[in-house]
Amino acid sequence: MISIFITAFVVGGLICVVGQLLFDVAKLTPAHTLCLLVVIGSVLDGLGLYEPLIDFAGAGATIPITSFGNSLTHGAMAEAEKHGLIGVLTGMFEVTSSGISSAIIFGFIASFLFKPKGTI
Amino acid sequence: MVARGLLTFKTNPSIASTGVTAGPLEKKSPFVSLFDKMYDEEQSGAGTNEQGHAKMMEDACMIALSKVDSVPEDADFLLIGDLVNQMTPSNFCAATVGIPYMGMFSACATSVSTLITAALLTDSGFSKIAIAGAGSQHNAVERQFRYPIEYGSQKPETSQWTVTAVGVAAVTPNKKGMPSIVCATIGSVVDLGMTDPLNMGAAMAPAAADTLQRHLDGHGTKITDYDCIMTGDLGKTGFELYKTLASNNGIDVTENFRDAGEEFYGEDPSFFAGASGAGCSSTVYFSEIYAKMLQGEYKRVLLIATGALLSPLSFQQGDTIPCIAHAVELTMK
């Protein structure tokens, strides 16, 4: 039981280490770092490698932003099987829509409740 | 060979008064007791960062003028600058105070470039009171050069914290018992190819070392002649590099070397490598250094303000960061 938490922590942590290294060592901007991780997740799923990672690490693989790339590819491929080429377009946001919608909705609510101060 | 970029003032204009205003976070500064006016809010209650910035500048000018029993109508020139695009805070400040104005930009070295120009105008007899100074506002500058504050981007240890502060000086013909401006060295741009806007101290250090060397050689002075040699905003990273470079040039790096950026926020690690911004050197020079000269603790000081002459566009296009350092020498007799 406890080993699930440990694998999730270690795998999730390692993905974040990759992000931190891209940021600190490769000197990528935050936006470039984010996009690269999404693309990596997407490519890994295309190669059939991300689902096994989720089976192994659970939330350690679904919480980091790489999972968003995985979902994009996953949705696109699933819909493509059903509806052909147009499915690539419709499927891309099918799995990810909950994440995108919640980001918008919770961002909207937070902007009502708080004012960013920009001080420490 | 004629030494280039060196100035020696014939009449030794004086700094008759100073005005220093600063934002809420600057209450953490060890120099806070010497600041004239503090605001409880980052935007000085003006509504936007840039309007707040302009208001801090106006207040600093009025404070400096009131200390010499003057009003804006008595002042001949206003030489002031900041880091916001096209220096709109300085422009709005000049519009409000109504003093004949030249906005001057040397990035964070503006404190010294304006002081040199004010001394020249006074030395040539064209000015009885010239206001010289510079300022910066944290949120406005960070948003422009790095990321918007609200974005909450991570910063490395080498990054510096732009101060919300303005420092100005009222330059007048020589007055006994007041610190006076003796000579100066105009810096040359030094660009060693640094491109990281989150490590400006390292980019500026070679310019500071170059100007220090040129000032000593050009004016025939030694390190031991000065009670204090203070750089502008090299911060912890840049200050160490600058001292190493000076030492490599054969200069004896003593306890008298200080850096305004390194000292501005004390030892608080929240500010990473220390302070930066056009308001950093101007406020420390016109509060801490000025006060120590008035008390007689410092008789002769060398102020070397450093500036990183980048634009948001230039570094995004991968250009290097050209840097400058201007030096001015003050004495108290």
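Residues numbered from 1 in each chain as written. Chains lettered and ligands numbered in written order. Predicted model: local features only at pLDDT ≥ 70, side-chain atom pairs only at ≥ 80, totals over all residues. Heavy atoms only, no water.

Scanning chain B from terminus to terminus reveals nine helices and 14 strands. A compact globule built from 333 residues should have a C-alpha radius of gyration of about 20 Å, and chain B, at 18 Å, falls within 12% of that. Principal axes of the C-alpha set define a box for chain B whose edges measure 50 × 50 × 35 Å. A burial count over chain B gives 60% of its 333 residues as buried. Sequence separation of at least 24 residues holds for 78% of the intrachain contacts in chain B that already meet a minimum separation of 6. Total accessible area on chain B stands at roughly 12300 Å², and carbon and sulfur atoms take up 54% of it. Between the averaged position of the 22 positive side-chain charges in chain B and that of its 36 negative side-chain charges there is a distance of 6 Å. (Helix = DSSP H or I, 4+ residues; strand = E, 2+ residues; numbered from the N terminus. Rg over C-alpha atoms; globule rule 2.2 N^0.38 Å. Buried < 20%, exposed > 50% of the residue type's maximum accessible area, 1.4 Å probe, protein only. Contact = heavy atoms within 4.5 Å. Areas by Shrake-Rupley, 256 points an atom, 1.4 Å probe, with all protein chains shown as cover. Lys, Arg positive; Asp, Glu negative; His and termini not counted. Charge placed at Lys NZ, Arg CZ, Asp CG, Glu CD.)

Residue and element names in this part refer to chain B. Each assigned domain of chain B is listed with its residue range as follows: domain 1 (7-172) and domain 2 (180-331). Computed from C-alpha atoms alone, the centre-to-centre distance between domain 1 and domain 2 is 18 Å. At the interface, 55 residues of domain 1 touch 59 residues of domain 2. When domain 1 packs against domain 2, close to 4600 Å² is buried across both sides, 68% of that on carbon and sulfur atoms. Linking domain 1 to domain 2 there are zero salt bridges. Where domain 1 packs against domain 2, one counts 26 residue pairs in polar contact (both at pLDDT 80 or more). Secondary structure elements with two or more residues in the side of domain 1 that touches domain 2: strand E1 (6-8), strand E2 (14-22), helix H3 (110-123), strand E6 (130-136), helix H4 (138-145), strand E7 (161-162) and strand E8 (165-172). (Domains from an automatic or database assignment. Buried area = accessible area lost by both parts, 1.4 Å probe. Salt bridge = Lys/Arg side-chain N within 4 Å of Asp/Glu carboxyl O. Polar contact = N/O pair within 3.5 Å; in protein donor to acceptor, adjacent residues only side chain to side chain.)

Moving on to the interface of chain A and chain B. Taken together, the contact pairs 11 residues of chain A with 14 residues of chain B. A buried area of about 920 Å², summed over both sides, lies between chain A and chain B, and 62% of it is on carbon and sulfur atoms. Taking the shortest distance from any N to any O, the salt bridge between Asp196 of chain B and Lys27 of chain A comes out at 3.8 Å. The interface formed by chain A and chain B includes one residue pair in polar contact (both at pLDDT 80 or more). Where the side of chain A that touches chain B is concerned, the elements lending two or more residues are helix H1 (2-24) and helix H2 (30-46) of chain A. When the residues that make up the side of chain A that touches chain B are grouped by side-chain class, the tally is five nonpolar, four polar and two charged. (Nonpolar A, V, L, I, M, F, W, Y, C, P; charged D, E, K, R; others polar.)

Residues in a regular strand point their side chains to alternate faces of the sheet. Residues and elements named next belong to chain B. A large share of E6 lies buried, amounting to seven of its seven residues. In E6, alternate side chains face the same way, and those of Ala130, Ala132, Ala134 and Ser136 on one face and Ile131, Gly133 and Gly135 on the other are all buried. In this structure, strand E4 (residues 77-81) lies alongside E6, joined through five bridges in parallel fashion. In the sheet register, Phe77 faces E6, and the bridge partner there is Ala130. (Pairing = 2+ DSSP bridges.)

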